[in-house]
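Each chain, letter by letter, is given below.
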Amino acid sequence: MNKTEEFFEKIITVKLSPDKKAVNIIDQTCLPSEIRRIDLHTKEEIWDAIKKLKVRGAPAIGVTAAYGMAVLSAGIGKEDYDPFYKEFMEIKDYLASSRPTAVNLFWALDRMERCLVSNKDKAVSEIKEILYREAEDIREEDVNISRNIGETGFRLLEDIREKTGRAPGILTHCNAGTLATAKYGTATAPMYIALEHGWKGNDLHVYCDETRPLLQGGRLTAFELSEAGIDTTIQCDNMASLLMKSGKIDIVFVGCDRVAANGDSANKIGTSGVAILAKHYNIPFYVCAPSSTIDMKTETGEGIPIEMREGSEVTEMWYEKPLGAPGADVFNPAFDVTDHELITGIITEKGLVSPSYKEGFKKLFS
Ligand code: MRU
C-alpha cells in the first residue's frame, strides 16, 4: 500500500460496523488532536452526530444517512411490508430533520426509500439486505464521483503548472475533503488525484481558510492534507485578500451543499466572500459538485434554506472563557450562497460545466 492509500485507510470517514449494527464514523469534533471512531446505533445517535457535526460535509452526511437507514431498518421488528414501510418512513423523516441545507441528505434518504419501494414484492428480510447493499453502493459511487471531479480539477492544475512553471497555489474554504466524503473529497480531489498521478506534496501548495466559526478549514482540511504529505498553510479567513493580492493563489476550489438550477451555490459561510475577492483579483473560482448536489427543483439561491446555528459556537465553543460580550446577540448562519456570476465553472463527476449553468445542467442531465 502506498502512502496515499495508507492515508485513506486511516481516515475513512463513514463505514458500517463489522456486525452491521451501527454506523461507524470518525468523530470530527475531536480532530485534529485525536482520531476517535464512534459507533452510532440508534436514530437519535445518528441524528445527533449529524446535527453536532461529528460527521459533516454534504456527501458524508448523505452516506451516513444511507447507512443509518440500512442499520435502523434491520432493527424494525415487522414482517409485513406496510408496517415496515410506515416505520421506515418515520425514521427517514426524523433523520431528514437533522440539517436543512445539504441536499445530499435528502437525496440519499429518497434513494433509500425508492430502493425500498421498488422491492416491495420481496420478503422484508430480503429487503433489509438490499438496503444494506444500496447504502454500500451510495458510498462506492461517491468514491468514483470524487475521483472524476478530481481528474477534471487536476487538468486545471496541470495547465497552471505548465503556464507558470511553478507549483500551483490553491485556496480552499471549509472542508470539502476526505472527511466530508467517502474518499477523495470534492474540492480536495484534484490535490489527491495529483498525488496519484505522481506529483509530490510540494508540487502544489494549498492555502486553507481557517473557516470561522467551526474551523473546518484549520482543523480538518489542513489536517488531512498535511497527513497526506501536501504542502499546506492555514490562514484566518480575513487574510485571504492579502494572500490573493500577493499572487500566491492561482485557483480557488470549494465544495458545495446545494447548487440551484441557475448555478447559485450554497457552501460554508464565507464562501461568497472568497468568490468576490477572487473576482476582484482575477483568480478562477471553481465549485466542485457531485451532480447529486445540483437541485434542479430550486430555481435560484434565494430558494436554498440556510441553516442558522447556536451563537455559542461563535463565542464559546473553542475557548476556555467566552470571547463575545455577554450582552450581544450572535449572528451564526452556517452557509451562504455564491452568485453564479462569480463562479468560473462547476466541476461535476460528468465534467466541467461553464456558464450558462442553466443550459449546462440541462445537457448534464439529458
Ligand atoms: O457545516 P459543514 O461542515 O457540514 O459544511 C461543509 C461544507 O460547507 C462543505 O464545503 C460542503 O458540504 C461540501 S463537502 C464535499
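This text gives an overview of the structure that appears in the document. (Residues numbered from 1 in each chain as written. Predicted model: local features only at pLDDT ≥ 70, side-chain atom pairs only at ≥ 80, totals over all residues. Heavy atoms only, no water.)

**A closer look at the sheet that holds strand E7 (residues 251–254)**
Link 1 in the chain: With mixed pairing, seven strands are arranged side by side in an open sheet as E6-E5-E4-E7-E10-E13-E14. Lying at the two open borders of the sheet, with one neighbouring strand each, are strand E6 (231–235) and strand E14 (351–353). Shown here is a sheet whose adjacent strand axes are inclined to one another by a mean of 25°, direction ignored.
Link 2 in the chain: The sheet contact formed by E7 and strand E10 (residues 285–288) spans three bridges and is parallel. By the bridge assignment for E10, Val-252 is matched with Phe-285. (Pairing = 2+ DSSP bridges. Helix = DSSP H or I, 4+ residues; strand = E, 2+ residues; numbered from the N terminus. Axes fitted to C-alpha atoms, helices over the stretch in contact; angles between N-to-C directions.)

**Regarding the pairing of E10**
Link 1 in the chain: Because side chains alternate across E10, one face comprises the buried residues Phe-285 and Val-287, and the other comprises Tyr-286 and Cys-288, equally buried.
Link 2 in the chain: With three bridges connecting them, E10 and strand E13 (residues 345–348) associate as parallel partners. Bridge assignment links Tyr-286 to a residue of E13, and that residue is Gly-345. (Buried < 20%, exposed > 50% of the residue type's maximum accessible area, 1.4 Å probe, protein only.)

**Topic: helix H12 (residues 357–365)**
Residues lying three or four places apart along an α-helix face the same way, a consequence of the helix completing one turn every 3.6 residues.
Link 1 in the chain: Buried residues of H12: Tyr-357, Gly-360, Phe-361 and Leu-364, and no others. Taken down its axis, H12 places every buried residue within 95° of arc, on the same side. For H12, the exposed residues lying more than 90 degrees away from the buried face are Lys-362 and Lys-363. (Arc of directions from axis to C-beta.)

**Here's the deal with unusual backbone geometry**
Link 1 in the chain: Here Arg-212 and Pro-213 are connected by a cis peptide whose omega angle stands at 0°.
Link 2 in the chain: Counting through the fold element by element, Pro-213 comes out in the loop between strand E5 (205–209) and helix H8 (216–227).
Link 3 in the chain: Backbone torsion omega between Pro-355 and Ser-356 reads 5°, so that peptide bond is classified as cis.
Link 4 in the chain: Among the structural elements, Ser-356 can be located in the loop between E14 and H12.
Link 5 in the chain: Even without being glycine, Leu-215 reaches a positive phi, approximately 60°.
Link 6 in the chain: Structurally, the position occupied by Leu-215 is in the loop between E5 and H8.
Link 7 in the chain: One non-glycine residue, Asn-282, adopts positive backbone phi at about 60°.
Link 8 in the chain: Topologically, Asn-282 is positioned in the loop between helix H10 (271–280) and E10.
Link 9 in the chain: A relative accessible area of 69% places Asn-282 in the exposed class.

**Describing the side chain of Thr-271**
Link 1 in the chain: Structurally, the position occupied by Thr-271 is in helix H10.
Link 2 in the chain: When neighbours within four sequence positions are excluded, Thr-271 is seen to be in contact with His-173, Val-254, Phe-285, Asp-336 and Thr-338. (Contact = heavy atoms within 4.5 Å.)

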